[in-house]
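What follows is the residue order along each chain.
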Amino acid sequence: MLIPWIMAPSRRGSCCRCYPCWPLTISLVISVFQGVHSQTVLVNDSISGYIGSDVILHCSFINPLPSVKITQVTWQKSTNGSKQNVAIYNPAMGVSILPPYKGRVDFQNPSFRDGTIQLNRLQLEDEGAYICEFATFPAGNKESQLNLTVLAKPTNQMEGTSKQLVAVPRSKEKVVVATCTSANGKPPSSLSWETKLNGEAEFQEIKNENGTVTVISRYRLVPTREAHRQPLTCVINYLMDRQTETTTLNVLYEPQVSIEGFDGNWYVKRAEVKLTCKADANPPPSSFHWRMANGSLPDSAEVKNSTLYFRGPVTYSLSGIYICEARNTIGSHTGQVEVNVTEFPFTPTPTPGQKRSESSMLSTAIIGGAVGGVLLVLAVSIFLFVVLRRRHHTFKGDYNTKKHIYGNGYSKAGVAQHPPMAQSLQYPDDSDDEKKPGPVGSSYEEEEEEEDGRKLGPKYDDESKRPYFTVEEGERRGYSEDRTLGYQYEPEDLPDSLVPQNDGSFISKKEWYV
């Protein structure tokens, strides 16, 4: 590339020298290189598709310069370091598709800027690195590379064994009961098993010539009666997909026999009893045979299929050991039951659980009764206490039985304050049975006043000075409750034979406790 030179006058002005203009030169060089490098071929980094599907390989030319001329667009496949032409677009010659892609590759919109193609009906051989190349003049060729991955979805299958599974007693040999296959997958699948069976799985991978992989898993176990009708599921994981295949085992085994019907309560004259032979077998039992361990069957016994009926009421002749034999194509097995006949019916002994339940209920009832009794006694005690306390504070006798009441008998307790009692008391001469206190030095007449033919007691000149009166006198004279007591004993001075009342009066203890 030529570097431009610019003639510049010297500072002396008399001669001219040639100096290169370095800033201008550098800017021109950078612009040229930027134009060249900004021309880029854009493609997909990678792309994938399944066998038989169609994929599009994008390719475009970015920022071509006006001075750059595109002469051809070419797709190539890189194989072991060499390049193989796939498709060519030439503005002058047109489109050309080369084998083995002929008929399967098409340009989407061929132009100087777009070289996108579509690859149809993918094959495993199509996988590899593809190069999109733009031939330009005078800048040369520009290209970019992408990777194409071809996927193969596997064919999944699960099948049970073709052999009959037979449960052999005491055998420990494990046999293949199911096989799960995920064939011709790319990438390979992952297999696992879901089951409650006690077995083990084995795995095998087979790499095919076309690049696919076949995965096989076999499940082995010892055939048993418990394995019959158990599900076995194979789980196949391929990329983001999950698929399951399930089979149900069919295990053949000889009958397992039990006898039902004897409830332990067969007694004389009981009606409608029978014994039934229950057999768990695969295939189902083909025949049943009844017999007794110590002889032939009773005359009243009648066999119908798996049931032994007894005609008429129960008798002692039905006692004994009954044996039932069931048979199928695998083998035979027997079961037995011992029948005891009693004279009278009885209630079976409760089981330990029932005993504990009954004991618990009885204990609960006893505890509840005890608590209820205690509460009842407590309630009665409280009631009697309240009643007796009320009776203690309430007089139930007749006030007319009180011969004398100090004061007027109607004074309100705690209202009037009375003077203290005199230090010495005098008793009238006419009181022989009980002496009534009176004021010392008081004068009164001992004559009795009669009114309506009844004696009222000694007569006093001043009734207010009278130290006592009877209940009858108080009622006749109409003394009101407001009259205060002139003289009254203090409680601590009361005789032991008297009991104070709430109304201020006193009665004898004999009357109080009546």
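Quick caveat, the model's predicted, so the values are computed rather than measured.

Asker: What should I look at first to understand the overall build of the protein in this one?
Answerer: The helix and strand tally for the protein stands at four helices and 36 strands. When each of the 514 residues of the protein is scored for burial, the buried share is 31%. Nonlocal contacts in the protein, meaning residues at least 24 apart in sequence, comprise 57% of its contacts between residues at least 6 apart. Total accessible area on the protein stands at roughly 32900 Å², and carbon and sulfur atoms take up 52% of it.

Asker: How do you make sense of the state of the cysteines when you look at a structure like this?
Answerer: Defined simply, a disulfide is a covalent bond joining two cysteines at their sulfur atoms. Per the counting criterion, the structure on display carries three disulfides. Paired through a disulfide, Cys59 and Cys132 show a sulfur-sulfur distance of 1.8 Å. Looking down the S-S bond of the Cys59 and Cys132 bridge, the torsion is -85°, so its handedness is left-handed. Placement of the pair is Cys59 in strand E6 (residues 59-62) and Cys132 in strand E12 (residues 128-137), with a sequence separation of 73 residues. Cys132 carries the same exposure label as Cys59, and that label is buried. At a sulfur-sulfur separation of 2.0 Å, the disulfide partner of Cys180 is Cys234. Between Cys180 and Cys234, the disulfide has an S-S torsion of -80° and is therefore left-handed. Placement of Cys180 in strand E16 (residues 175-185) and of Cys234 in strand E20 (residues 231-238) is noted, with a sequence separation of 54 residues between them. For Cys234, a relative accessible area of 0% puts it in the buried group. Disulfide connectivity for the protein, with bonded cysteines indexed by sequence position, reads 1-2, 3-4, 5-6.

Asker: Mind showing me how you'd approach the packing of aromatic side chains here?
Answerer: Each aromatic ring pair is summarised here by two numbers: the centre-to-centre distance and the angle between the ring planes. All chains considered together, the criterion is met by six aromatic pairs. Residues Phe61 and Phe134 carry aromatic rings whose centres are separated by 5.2 Å and whose planes lie at 35° to one another, so their mutual orientation is tilted. Placement of the pair is Phe61 in strand E6 and Phe134 in strand E12, with a sequence separation of 73 residues. Among the residues examined, Phe61 registers a relative accessible area of 3% and is labelled buried. For the ring pair Tyr89 and Phe107, a centre distance of 6.2 Å and an interplane angle of 55° mean the geometry is tilted.

Asker: Help me understand the pattern of salt bridges, please; the structure alone is not making it clear to me.
Answerer: Side chains that carry opposite charge are capable of pairing whenever their charged atoms lie near each other. Under the criterion given, the structure shown has twelve salt bridges. In this structure, Arg104 and Asp126 form a salt bridge, with 2.8 Å as the shortest nitrogen-oxygen distance. Taken as a pair, Arg104 in the loop between strand E9 (94-97) and strand E10 (105-107) and Asp126 in the loop between strand E11 (117-119) and E12 lie far apart in primary sequence, 22 residues in all. The same class applies to Arg104 as to Asp126, namely buried. For Glu202, the salt bridge goes to Arg220, with nearest N and O atoms at 3.4 Å. Here the residue Glu202 occupies a position in strand E18 (residues 200-207), and Arg220 occupies one in strand E19 (residues 213-221), the gap between them amounting to 18 residues. The exposure class assigned to Glu202 is partly exposed, which follows from its relative accessible area of 29%. Since its relative accessible area comes to 27%, Arg220 is described here as partly exposed.

Asker: I'm lost on the sheet that holds E11 in this one. Help?
Answerer: Neighbouring strands of a sheet are bound in pairs by backbone hydrogen bonds; such pairs are parallel or else antiparallel. Within the open sheet, the three strands sit side by side as E5-E11-E10. Their pairing is antiparallel. Looking at strand neighbours, the two that pair on one side only are strand E5 (55-57) and E10, the edges of this open sheet. Here the average twist between neighbouring strands, direction ignored, is 25°. As paired strands, E5 and E11 are joined by three bridges and run antiparallel to one another. What sits directly across from Leu57, in E11, is Ile117.

Asker: Can you walk me through the sheet that holds E9 in this structure?
Answerer: Taken together, the six strands give an open sheet; going across it, the order is E4-E13-E12-E7-E8-E9, and neighbouring strands pair in mixed fashion. The open sheet is flanked by strand E4 (46-50) and E9, the only strands paired with a single partner. In this sheet, adjacent strand axes meet at a mean angle of 25° when their direction is disregarded. Judged from the five bridges that link them, E4 and strand E13 (residues 140-151) form a sheet pairing that is parallel. When the sheet's bridge partners are listed, Tyr50 is paired in E13 with Leu151.

Analysis parameters
Residues numbered from 1 in each chain as written. Predicted model: local features only at pLDDT ≥ 70, side-chain atom pairs only at ≥ 80, totals over all residues. Heavy atoms only, no water. Helix = DSSP H or I, 4+ residues; strand = E, 2+ residues; numbered from the N terminus. Buried < 20%, exposed > 50% of the residue type's maximum accessible area, 1.4 Å probe, protein only. Contact = heavy atoms within 4.5 Å. Areas by Shrake-Rupley, 256 points an atom, 1.4 Å probe, with all protein chains shown as cover. Disulfide = S-S within 2.5 Å. Phe/Tyr/Trp six-rings, centres within 6.5 Å; stacked < 30°, edge-to-face > 60°. Salt bridge = Lys/Arg side-chain N within 4 Å of Asp/Glu carboxyl O. Pairing = 2+ DSSP bridges. Axes fitted to C-alpha atoms, helices over the stretch in contact; angles between N-to-C directions.

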